[in-house]
Every structure is written in structure tokens, then in C-alpha cells.
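Spelled out, the chains give:
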Amino acid sequence: MDMKMESTGGINLLGSKQYKDKEVVYASFVLHKNGLRAVGEPSFDEWLQCGEFINRAKDSVHFWIGDWLNFGEFKWGEKYLEAVKATGYDIGTLRNDKWVASMVDLSRRRDTLTFSHHVEIADLEPDDQDRLLDYAE
């Protein structure tokens, strides 16, 4: 997969065959494990968007892990031992992330709310989830 820059927002994950650092590209910035670098001449808006993405990432990681685990289970079966090694999270956290992600459809999730908000409504019916998430927003 080739690196593609988006002029406004958006995320592009770089193909694993061409990089070792697992970079994420957002706006005109490349985020590495140990830092960030600008590509070209980012605008103020791109700089601000990148900062907002960084702030939101901390609340998104558990959804990312949950969706990742659900995909892995669908494709290869349950792989919690490998997931513990890959993420550093304990099995209980991984199971919780996976369960919440499976119970709250991606289209229903609110990016203005934290993962914890979604944990609270995960065992409810979809209409009730929507109602409470709307209220929380």
C-alpha cells in the first residue's frame, strides 16, 4: 500500500511491507510511535485537525481494539493470547473491548462521547442505545 496524503483530515495507514514504524498519516502530519513530523507546509487548520485527532485517539483505542478482535475472531478464531502480546492489555480488558464493539454498531457510535459512555449502553436494545447516547451528547 502506498502512502497517500489527504489534504484535509482523514487517516491513511501505510502498508506494512513498506515501513517498520507503523505510521499513521493525518492531514499533513505523519505520526510515528515516538513522534510526529509535518509533510510539506501544513495549514493552521490541518495543524488544528491533527491535534484534535490526537486528543480523540485516546478515546478511540478501545473501539479500535474491539473491532480488531472481532475481525480476528471472524477470520481466525479466538486469539486472545496473541492479542495480549500485541496490545499489552489483559484478557479482561480485551474481552470487554470486543464485547462493547460487537454490541454497539459502528453507525451508532458517537465520536463526541467516550468509550465508557458506550460501555454503559452496550447491553441495551439499539433504539435505547440511540436514545441514551443522544441524551448524553
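Residues numbered from 1 in each chain as written. Predicted model: local features only at pLDDT ≥ 70, side-chain atom pairs only at ≥ 80, totals over all residues. Heavy atoms only, no water.

A. Molecular detail of the overall build of the chain. Helix and strand content of the chain: five helices and four strands. Along the chain direction, N to C, the helices and strands of the chain fall in the order β-β-β-β-α-α-α-α-α. For the chain, the proportion of its 137 residues judged to be buried stands at 31%. Within the chain, contacts between residues separated by at least 24 positions form 29% of all contacts whose residues are at least 6 apart in sequence. (Helix = DSSP H or I, 4+ residues; strand = E, 2+ residues; numbered from the N terminus. Buried < 20%, exposed > 50% of the residue type's maximum accessible area, 1.4 Å probe, protein only. Contact = heavy atoms within 4.5 Å.)

B. Local environment of the packing of helix α1 (residues 44–76) against helix α3 (residues 91–103). Put simply, α1 and α3 touch, their axes get as near as 7 Å, and they point 85° apart. Overall, the two elements α1 and α3 adopt an arrangement that is roughly perpendicular. Facing α1, whose interface residues are His-62, Phe-63, Ile-65, Gly-66, Asp-67, Leu-69, Asn-70 and Glu-73, α3 presents Thr-93, Leu-94, Asp-97, Lys-98, Val-100, Ala-101 and Ser-102. Its residues assigned to classes, the contact of α1 with α3 comprises six nonpolar, five polar and four charged. (Axes fitted to C-alpha atoms, helices over the stretch in contact; angles between N-to-C directions. Parallel < 35°, antiparallel > 145°, perpendicular 65-115°, else oblique. Nonpolar A, V, L, I, M, F, W, Y, C, P; charged D, E, K, R; others polar.)

C. Just the packing of aromatic side chains, in detail. This model, assessed by the stated rule, comprises four aromatic pairs. Each ring, one from Phe-63 and one from Phe-115, has its centre 4.8 Å from the other, and the planes form 80°; the classification is edge-to-face. You can see Phe-63 sitting in helix α1 and its partner Phe-115 sitting in helix α4 (residues 115–121), a full 52 residues away along the chain. Assessed through its relative accessible area of 9%, Phe-115 is described here as buried. Taking 5.8 Å as the distance between ring centres and 80° as the angle between the ring planes, the aromatic pair formed by Phe-71 and Trp-76 counts as edge-to-face. (Phe/Tyr/Trp six-rings, centres within 6.5 Å; stacked < 30°, edge-to-face > 60°.)

D. Quick peek at the layout of surface pockets. Roughly 410 Å³ of internal volume is contained in the second largest pocket. Along its surface, the second largest pocket is lined by 16 residues, and Arg-56, Ser-60, Phe-63, Trp-64 and Asp-111 are the ones closest to its centre. The dominant element in the lining of the second largest pocket, judged by the number of residues it contributes, is α1, at eight residues. Among the residues making up the lining of the second largest pocket, the classes are represented as six nonpolar, four polar and six charged. (1 Å grid on protein atoms, 1.4 Å probe; cavity = no way out; pocket = protein on both sides within 12 Å on 5 of 7 lines; lining within 4 Å. Points joined across faces, edges and corners; volume = space filled by probe spheres on them.)

E. Fine view of the nonpolar core. Phe-63, Val-100, Ala-101, Val-104, Leu-113, Phe-115, Ile-121, Ala-122 and Leu-133 together form the largest nonpolar core, which totals nine residues. Residue contacts for Leu-113: discarding those within four places in its chain leaves His-118, Leu-133, Ala-136 and Glu-137. By size, the runner-up hydrophobic cluster in this structure holds seven residues, among which are Tyr-26, Ala-27, Phe-29 and Leu-31. (Core = buried A, V, L, I, M, F, W, Y, C linked by side-chain atoms within 4.5 Å.)

F. Highlighting unusual backbone geometry. Positive phi values are uncommon outside glycine, yet Ala-27 reaches one of about 55°. With respect to the helices and strands, the residue Ala-27 is situated in the loop between β2 (24–26) and β3 (29–32).

G. Region of interest: a nonpolar patch on the surface. On the surface, Phe-44, Trp-47 and Leu-48 cluster together into a nonpolar patch covering about 350 Å² of accessible area. Take Phe-44: it is sitting in helix α1. (Patch = residues over 30% accessible without salt bridge, like charges linked within 9 Å, V, L, I, M, F, W, Y side chains within 5 Å. Areas by Shrake-Rupley, 256 points an atom, 1.4 Å probe, with all protein chains shown as cover. Salt bridge = Lys/Arg side-chain N within 4 Å of Asp/Glu carboxyl O.)

H. The arrangement of the confidence of the model for the chain in detail. Summary statistics for the chain give a mean pLDDT of 85 and a share of 85% for residues scoring 70 or more. A low-confidence stretch, residues 1–19 (pLDDT under 50), is modelled with 39 contacts involving residues beyond four sequence positions or located in other chains. (pLDDT = per-residue confidence, 0-100.)

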